[in-house]
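Read off the chains here:
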Amino acid sequence: MKSQISLGRLTPAVVVVLALLLIWQFLSWFLVILEVPLAQSKIPYLHELALTFSTYSGTLFSECSVTLTNAVMGFALGALGGVFLAVLMSISKWVEQLAFPYAVASQMIPILGLAPIVYGIFRDEQISRVLIAAYMTFFPVALNCLRGLRSADPQALELMYSYAAKPWSVYWRLRFPQSLPSLFSGLKIAAPLAVTGAILVELMGATRGLGVIMLRNLYYGPSHNYMFWLTVIFGAALGILSYLIVSLIERMVTPWQPEFRKSGGDE
Amino acid sequence: MTLTKIDTPEIAIDQVSMSYQTDTAKVLALKDITVDIQKGEFVSLLGPSGCGKTTLLRIMADLIQPTSGSVTVSGGTAKEARLARKYGIVFQSPVLYDWRKVKKNITLPLEMMGLSKEVQEKRATTLLDLVGLSKFKEKYPWQLSGGMQQRVAIARALAIEPEILLMDEPFSALDEFSRERLNEELLSIWSKVGNTVVFVTHSIPEAIFLSDRVFVLSPHPGRLSKIVEIDLPRPRREEMRNSPEFYQLISDIRNSFEGV
Ligand SMILES: Nc1ncnc2c1ncn2[C@@H]1O[C@H](COP(=O)(O)OP(=O)(O)O)[C@@H](O)[C@H]1O
Ligand SMILES: [Mg+2]
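Here the structure is a predicted model, which means the values were calculated and not measured.

Reading guide: rules and limits
- Residues numbered from 1 in each chain as written.
- Chains lettered and ligands numbered in written order.
- Predicted model: local features only at pLDDT ≥ 70, side-chain atom pairs only at ≥ 80, totals over all residues.
- Heavy atoms only, no water.
- UniProt positions renumbered as here; feature names shortened; annotations may be inferred.
- Helix = DSSP H or I, 4+ residues; strand = E, 2+ residues; numbered from the N terminus.
- Salt bridge = Lys/Arg side-chain N within 4 Å of Asp/Glu carboxyl O.
- Buried < 20%, exposed > 50% of the residue type's maximum accessible area, 1.4 Å probe, protein only.
- 1 Å grid on protein atoms, 1.4 Å probe; cavity = no way out; pocket = protein on both sides within 12 Å on 5 of 7 lines; lining within 4 Å.
- Points joined across faces, edges and corners; volume = space filled by probe spheres on them.
- Nonpolar A, V, L, I, M, F, W, Y, C, P; charged D, E, K, R; others polar.

Trainee: Before we move on, can you summarise the UniProt feature "domain: ABC transporter" (unreviewed entry) in chain B with the specific residues and values?
Mentor: Following the UniProt record, the feature "domain: ABC transporter" (unreviewed entry) maps to residues 11-244 of chain B here. The annotated region residues 11-244 of chain B carries 34% helix and 27% strand content, and the separation between its end C-alpha atoms amounts to 32 Å.

Take a look at the structure:
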């Protein structure tokens, strides 16, 4: 029964996707017969992409895993840093006033300019990628986490006060759990950004990673067109994947959030 | 019912005044309240909205400081009483922690007291039984009805075995039926626990049904206008709500508002 229902729900989505693929394929064919220059770089044939994929899937997956590993490390580093700074800022107005303008200003630096500087300093593609991914993660996480920590219900705080609770206990038992939904909004914004950041650094000179083969296939010209398209598609997929993974973790960590409550309680 | 008079009252409120400073004006919420509450007594603060009931309760709980006057709790200050965890507080809304299941909400204050897991477990079991929610201990708060959530809040307040239970219109968000049932349940709990209860309400029948004494407050500024002794026998029963004595008390209290 259940699976029938969900199949019924899935059908429209499947139809839409199939329709889009068909339209794509048709447009691709249309450009080719019109003899538009570089038709296949504009809208490539899907079956050509599939063919290229079947030949080079090994390369694609291994380069993706390099990129993903760096993005994940950077994401973890940035998220920890962001949470740490948010906690400090929520404890002390003074720290907030001191650090917040710099945190905002740091986001004004164009990432395209920052990446070569970081690379110039560390001279290590690995470290640079992780740092840039961390840098992109840091801000949305810090901002959202701070908002969450500040949003504790005044009466819930008074309750803690009436128990003569120690400050760390108020954080651990009230402020922190209460801030989790906000923190996860920040993490969900940050996860695809970390992937983008990692790919961006790879574009600027690295030996491994999705960004590297993306650039290489772009420069090699039309013959590598399909491979280029595949790297773009894989880049997007990595971003989506990172978002989905964070969403899944959120569901497991905070099943009590209103949006995850099963409708129609059993009482 | 015999009220043993002890030399030091449980709560002594002496010349308490409170004014709030707002952007535009100064609001005198309480003026010169002086009253004693005895150990083990059940008293209600009764009055229309805005007469300062919540303010007085919060001053007793050491959540806010009075502008002048003092509150003495079993010989010490209100702050000492709070730090000694003598207060259990129940607000108008349950204020349960969404991420904790019912049992964990009840053990919340116990965790902060550093009690062992076994003691926490034992007390939670007793309290869940007391408020009739044993079957729901592994539910999240949002899976319970409003009345059940408020019973969890009461259990949580009782968990620290408080000498003083402070309740601010705990049942006012509930329908009449749940409210009357919870009134009876509260009395049966109180008869077992035997602590001092200060109960805020704007319902005259509720105040009469529950209390040993009703402190009638009048607004603008909040003053203690009358203290009504409720000499209905205990245990109180549902039928008493229809007795002539009950109606007499209602009209007595109502009349005391007339002159305001
Ligand atoms: N934090 C506050 N700031 C300013 N005025 C307040 C505040 N709290 C209460 N008041 C005012 O004090 C008066 C008494 O309020 P309150 O104690 O909440 O009354 P009650 O609980 O009897 O309805 C009201 O006029 C209210 O507007
Ligand atoms: Mg009130």
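Trainee: Explain the pattern of salt bridges residue by residue, including any values.
Mentor: On inspection of all chains with the given rule, the structure shows 23 salt bridges over all chains. Linking B:D98 and A:R261 is a salt bridge whose minimum nitrogen-to-oxygen distance equals 3.9 Å. One end of the pair, B:D98, is in the loop between β6 (87-90) and α3 (102-112); the other, A:R261, is in the segment after α10 (225-253), on a second chain. With its nearest N and O atoms 2.4 Å apart, the salt bridge here joins B:E41 to B:R213. Within this pair, whereas B:E41 is found in the loop between β2 (26-37) and β3 (42-46), its partner B:R213 is found in strand β9 (residues 213-218), the two being separated by 172 residues in sequence. Taken individually, B:E41 and B:R213 each receive the classification buried, so the pair is uniform in this respect. Each of A:R173, B:R100, B:K104 and B:E111 takes part in salt bridges that share partners, so that together they form one network.

Trainee: Any details on the layout of surface pockets? Residues and values, ideally.
Mentor: Residues and elements named next belong to chain A. There is about 360 Å³ of room inside the largest pocket. F75, L187, I245, V246 and I249 are, among the 19 residues lining the largest pocket, the residues nearest its centre. Looking at the lining of the largest pocket, the elements with two or more residues in it are α3 (46-91), α8 (167-203) and α10. The leading source of residues in the lining of the largest pocket is α8, at seven residues. Within the lining of the largest pocket, the residues separate by chemical class into 18 nonpolar, one polar and no charged.

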